[in-house]
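Chain residues, written in single-letter form:
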Amino acid sequence: MARAPQILNPKFLLQNLRDGFDAAKTRTGSEGVLVALSAGGLILAFLLLALLAPLALNAPGFVSYGAGALVLLLVLAATGAGAVALWRLMAEGARSGGGALIQANGTINDSAIQAALSDAEDAGLRALGTREVQDAMTGRVHGFALAAVQSGAHVFLVIRLKQVIPFSLIFAPKAAPWPFALPSDGKLTPMPTPGGVDGLSWATERDPALLWCTRLGPALAMSAAGGEAPFLSLRAKALVLRWDNGDVGTAALIGRELCLAISKV
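This report concerns the structure included in the present document. (Residues numbered from 1 in each chain as written. Predicted model: local features only at pLDDT ≥ 70, side-chain atom pairs only at ≥ 80, totals over all residues. Heavy atoms only, no water.)

**Notes on the overall build of the chain**
Stage number 1. Scanning the chain from N- to C-terminus turns up six helices and seven strands.
Stage number 2. Reading the chain from its N terminus to its C terminus gives the helix and strand order α-α-α-β-α-β-β-β-β-β-α-β-α.
Stage number 3. Counting every position in the chain, which comprises 265 residues, the buried fraction comes to 36%.
Stage number 4. Long-range contacts, defined here as pairs at least 24 residues apart, represent 66% of the contacts in the chain between residues at least 6 apart.
Stage number 5. As displayed, the chain offers around 14300 Å² of accessible surface, 64% of which is attributable to carbon and sulfur atoms. (Helix = DSSP H or I, 4+ residues; strand = E, 2+ residues; numbered from the N terminus. Buried < 20%, exposed > 50% of the residue type's maximum accessible area, 1.4 Å probe, protein only. Contact = heavy atoms within 4.5 Å. Areas by Shrake-Rupley, 256 points an atom, 1.4 Å probe, with all protein chains shown as cover.)

If you want it as structure tokens, here you go:
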């Protein structure tokens, strides 16, 4: 898996710019008016200062004091508007808890990281044992809890679903053997691979699994194009992916695409 798949793709860059502008508009909301007033007021104050300073030198004393007071009041008003906007944005951020992924060294949300590793063990993609974490990113994307965790030699991505999936779907890249325990909730049937990625796929129920393969395919194809396709397990309320090489940042990027695809269901 590459460090930054498709990072130079113009469509990829344009989509991220759009996402950034949408996030900015959503976060600022009505406070954007106060920010504009603050910036405009400060610019106007400096323009007035530049225009009135030469005139005030030759004007009577009360005119000079009046011009200075006008500029000072304008600066104070603009600064106050900016401070109010900043305070409201901080309060809103505290209430919402932030929508973006938060990077950490594995300690920012230990419960989410431990739950993700537990899901990876239940999926048969991680051995039971000591849970050492070198890097992690946790957060919510499109309403889904997401955790990307580097533990030992592997990188895991876990997305918690909103509803229980009544079947199991697994994918192994390039016909690699499944790392640990296989699903035990039914007989596994061979399936077309998600996104046509090189590998083998099985499911306990064919028809609903085909729909999920269609949803998950583009993100897996993006990962494969970047250099490595992951193992994948979909069962119960967890979608779990595992890369043998990679980093949590790229895994979180793949997770964002998966959350977007799932949210459209």
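Continuing now.
**Here's the deal with the environment of Ala120**
Stage number 1. In this structure, Ala120 sits in helix H4 (residues 110-122).
Stage number 2. A relative accessible area of 0% means that Ala120 is categorised as buried.
Stage number 3. Setting aside residues up to four positions removed in sequence, Ala120 forms contacts with Leu125, Arg126, Phe156 and Val240.

**Observations concerning the packing of aromatic side chains**
Stage number 1. A full pass over the atoms with the stated rule returns one aromatic pair.
Stage number 2. On the basis of an interplanar angle of 75° and a centroid distance of 5.9 Å, the ring pair of Trp178 and Phe231 is categorised as edge-to-face. Taken as a pair, Trp178 in the loop between strand E4 (154-173) and strand E5 (189-191) and Phe231 in strand E7 (residues 231-243) lie far apart in primary sequence, 53 residues in all. Across this residue pair, the class does not change: Trp178 and Phe231 are buried.
Stage number 3. Looking at Lys162, its charged tip hangs above the ring of Phe144, at a distance of 4.8 Å from the centre.
Stage number 4. The ring of Trp212 is capped by Arg215, whose NZ or CZ atom sits 4.8 Å from the centre of that ring. (Phe/Tyr/Trp six-rings, centres within 6.5 Å; stacked < 30°, edge-to-face > 60°. Lys NZ or Arg CZ within 6 Å of the ring centre and 35° of its normal.)

**Concerning the pattern of salt bridges**
Stage number 1. Evaluated as defined, the whole model comprises five salt bridges.
Stage number 2. Across the salt bridge formed by Arg131 and Glu121, the nearest N and O atoms sit 2.8 Å from each other. Taken together, the residues Arg131 in the loop between H4 and strand E2 (135-141) and Glu121 in helix H4 connect sequence positions ten residues apart.
Stage number 3. A relative accessible area of 30% means that Arg131 is categorised as partly exposed.
Stage number 4. The partner of Arg242 in a salt bridge is Asp244, with the nearest N and O atoms 3.0 Å apart.
Stage number 5. For Asp244, a relative accessible area of 31% puts it in the partly exposed group.
Stage number 6. Salt bridges here are not isolated pairs; linked through shared partners, they connect Glu121, Arg126 and Arg131. (Salt bridge = Lys/Arg side-chain N within 4 Å of Asp/Glu carboxyl O.)

**Some remarks on the nonpolar core**
Taken as a class, soluble globular proteins show a tendency for nonpolar side chains to be buried jointly.
Stage number 1. In this structure, Leu169, Trp212, Leu232, Leu234, Leu239, Leu241 and Leu258 are the most contacted members of the largest nonpolar core, which totals 37 residues.
Stage number 2. Those elements that provide at least two residues to this core are E2, strand E3 (144-151), E4, helix H5 (206-226), E7 and helix H6 (248-263).
Stage number 3. With sequence-adjacent residues up to four places away left out, Leu239 is seen in contact with Leu157, Val158, Ile159, Leu161, Leu216, Leu232, Ser233, Leu234, Leu258 and Ile262.
Stage number 4. Grouped together as the second largest cluster of nonpolar side chains are 17 residues, Phe156, Ile170, Phe231 and Ala238 included. (Core = buried A, V, L, I, M, F, W, Y, C linked by side-chain atoms within 4.5 Å.)

**Side note on a nonpolar patch on the surface**
Stage number 1. Together, Ile43, Leu44 and Leu47 make up an exposed nonpolar region whose accessible area comes to about 290 Å².
Stage number 2. Take Leu47: it is sitting in helix H2 (residues 31-58). (Patch = residues over 30% accessible without salt bridge, like charges linked within 9 Å, V, L, I, M, F, W, Y side chains within 5 Å.)

**Focus: the side chain of Thr193**
Stage number 1. Here Thr193 is to be found in the loop between E5 and strand E6 (199-203).
Stage number 2. If near-sequence neighbours (up to four positions away) are discounted, Thr193 is found in contact with Phe171, Gly199, Leu200 and Ser201.

**Topic: the environment of Gln163**
Stage number 1. Tracing the sequence through the fold places Gln163 in strand E4.
Stage number 2. Sequence separation of Gln163 and Lys237 is 74 residues, and the distance between their C-alpha atoms is 6.1 Å.
Stage number 3. Non-local contacts of Gln163, meaning those with residues more than four positions away in its chain, are made with Ala236 and Lys237.

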